[in-house]
Each structure stands twice: as C-alpha cells, then as structure tokens.
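Residue-level structure breakdown
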Amino acid sequence: MSATELPASHSELMDGVYRWQRHIYDLTRKYYLLGRDRLIAGLDVPQGGTVLELGCGTGRNIVLAARRYPNARFFGLDISAEMLETANAAMAREGLAARVTLARGDATDFDAKELFGTARFDRVFVSYSLSMIPGWEKTVSAALAALAPGGSLHVVDFGQQEGLPRWFRALLRGWLRKFHVEPRASLRDVLESESERTGATFHFRTLYRGYAWLAVIRSPSNPIF
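Residues numbered from 1 in each chain as written. Predicted model: local features only at pLDDT ≥ 70, side-chain atom pairs only at ≥ 80, totals over all residues. Heavy atoms only, no water.

**Brief notes about the pattern of salt bridges**
What counts here: Whenever Lys or Arg places a side-chain nitrogen within 4 Å of a carboxyl oxygen from Asp or Glu, that contact is recorded as a salt bridge. Here a strand is any run of E in DSSP of at least two residues, a helix any run of H or I of at least four, and the numbering for each starts at the N terminus. Note on exposure labels: buried denotes an accessible area under 20% of the residue type's maximum, exposed denotes more than 50%, and partly exposed covers the range between, all computed with a 1.4 Å probe on protein chains only.
Across all of its chains, the model carries 4 salt bridges by this definition. Of the charged contacts, one joins D37 and R60 as a salt bridge, the two residues approaching to 2.9 Å between their closest N and O atoms. With D37 in helix α3 (residues 36–41) and R60 in helix α4 (residues 60–68), the pair connects residues that are 23 residues apart, well separated along the chain. Close ionic contact of E194 with R197 constitutes a salt bridge, the shortest N to O distance being 2.7 Å. Highlighted residues: E194 and R197, both in helix α9 (residues 187–198), separated by 3 residues, approximately one helical turn. What makes E194 buried here is its relative accessible area of 12%. Taking the relative accessible area as the measure of exposure, R197 reaches 40% and is therefore partly exposed.

Here it is as structure tokens:
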C-alpha cells in the first residue's frame, strides 16, 4: 500500500491524537512505555546492518538505536504525518538524516522496496505500536516478510499486567483507552504461531510482573513464507 492509499480513518485518527501530543510525547511516555531500551540493547545489529521500525512515532527509538549501532542504517514507518514531522526534525537535530530514512505508510500493508529502496532488513522492531494498530496481526506477518534471512523481529508492548493488582490494571486500561490503545491479550499466541509458520525461533519474556511483554522472533537462514 502506497502512502497515498493509506486508510483515511486510522491515519486521520492518529494525526488527531498526536497533533499536539507529539510535542510532549517523549517526555511523558518515558514513565510508562517500559522495556523500550531493553529492546534496543537486544537488537545486536550486525556491522553495516539495516534496521526497520514499524510505528516509529517521534523517532525516539531510532535516535537511541542509531547512537548504539553507529554503523547501521535505519528506516522508520509511521501512519501519522504529524509524528513523522517530529521524527524528521529529530533526525536533523541529531545529525542522523544521512543514516535514517522515514516514510509514511500502513504497518499492516506496506511495500518496503517502494518506500525505502530495500525489501529486506536485518532487524525489524515494533515498540508499543501493535496495541494501537487495527488488524495488528497483519503487522506481525508483514514484519516477518520484511526480514532478511537470519534476521530477527523484536516486539515490546503492553502485557496483561497478570502479576499486578486488579485495581492497577483497571486504571491503566482506562488511561490507555483515552489514546486508543488496547493491550493485545493474544499477542504471545500470535507471535508464537507466526514463528511456527515461518520456521523461526521464538523467545518471550514478561517484564515488571506482566506490565510489558518482550518477544524476539529469529528468522531461519532459509525462511518459509
């Protein structure tokens, strides 16, 4: 799906949500989008590797990853033009414009070759975006299809808060709904199923008593699609 064919309802919704929030997004989200830095540390990008973030938002994760892996090239996809405006400004401010390419697109259906000039990536990651994407299961499939042989998909998102008090879960869910966020109860099952389908290995862990879930899918050298 090209940038001109984006699903209008969702792209407009995200632009509406983030038109003003994008200016304070990173300052506020650092307190409850937990596990993002752990995901970045675990990317283990090879020398000269390529990294794609789906739902890159303000570019915060790409900036940190680009600092950690200075020989890699980075690509970011987001459906919100408002967020991409902030992300592009961040890349310019950090001196990363030459190493980072950003594009507007739908994470459930995108043509990486058309958008970025490359179809496969050594690493793909999705940080707290699946809980906001309608039809998020398609994003998982699209991410795996964009992996180079031997590459890996890294996902961090809200868990089911299974080890936390019920009152906390209720408050958190109510707060998240204000931003059209819904923790995906079937996230682990979908990731594991997709791993089996593609012949990949699957690693999963809960963080902070189930507040967040962190998963890694490692593609085989000869993936099955």
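**Concerning the sheet that holds strand β3 (residues 100–104)**
What counts, and what does not: Whether two strands pair comes down to DSSP finding at least two bridges between them. What counts as an axis is a line fitted to C-alpha atoms, over the stretch in contact for a helix, and the angles between N-to-C directions run from 0 to 180 degrees. The contact rule is simple, with two residues in contact once any of their heavy atoms fall within 4.5 Å.
A sheet is described by the order of its strands in space; here 7 strands give the open sequence β3-β2-β1-β4-β5-β7-β6, paired in mixed fashion. A single partner strand is all that each edge strand has here, and the edge strands are β3 and β6 (201–207). Put simply, the sheet's adjacent strands are angled 15° from each other on average, direction ignored. Pairing analysis gives 7 bridges linking β6 to strand β7 (residues 212–218), with the strands arranged antiparallel. Looking at β7, one finds that R205 is bridged to L214. Here helix α5 (residues 81–93) sits on the sheet and contacts β2 (73–78) and β3; the angle it forms with β3, its principal contact strand, is near 170°.

**A few points about helix α8 (residues 166–177)**
Selection rule: To estimate how far a helix should reach, multiply one less than its number of residues by 1.5 Å. This arc is taken over the directions from the axis of the helix to the C-beta atoms.
When the terminal C-alpha atoms of α8 are compared, their 17 Å separation across 12 residues agrees well with the 16 Å that a helix rising 1.5 Å per residue should span. Where α8 is concerned, the buried positions are L172, R173 and L176. Across the axial projection of α8, the buried residues extend over an arc of 100°, all falling on one side. Away from its buried face, by an angle of more than 90 degrees, α8 presents the exposed residues W167 and L171. Elements that come into contact with the buried residues of α8 comprise β5 (147–158).

**Remarks on the pairing of β2**
The line we're drawing: Crossover handedness is defined here as right-handed if the route from the first strand over the helix to the second strand goes clockwise, with the strands pointing away from the viewer.
Burial within β2 is extensive, with 5 of its 6 residues counted as buried. Pairing analysis gives 5 bridges linking strand β1 (residues 50–54) to β2, with the strands arranged parallel. Bridge pairing in β2 links E53 to G76. In this view, the connection linking β1 to its parallel neighbour β2 by way of α4 has right-handed handedness. In this structure, β2 lies alongside β3, joined through 5 bridges in parallel fashion. Pairing of G76 across the sheet is with L102, part of β3. After leaving β2, the chain enters α5 and then returns to the sheet as β3, a path that is right-handed.

**As for the pairing of β1**
Most of β1 is tucked away: 5 of the 5 residues are buried. By the alternation rule, side chains of β1 split into T50, L52 and L54 and V51 and E53, which are all buried. Here 3 bridges tie β1 to strand β4 (residues 121–127), and the two strands are oriented parallel to one another. Residue pairing across strands places V51 opposite R123, the latter belonging to β4.

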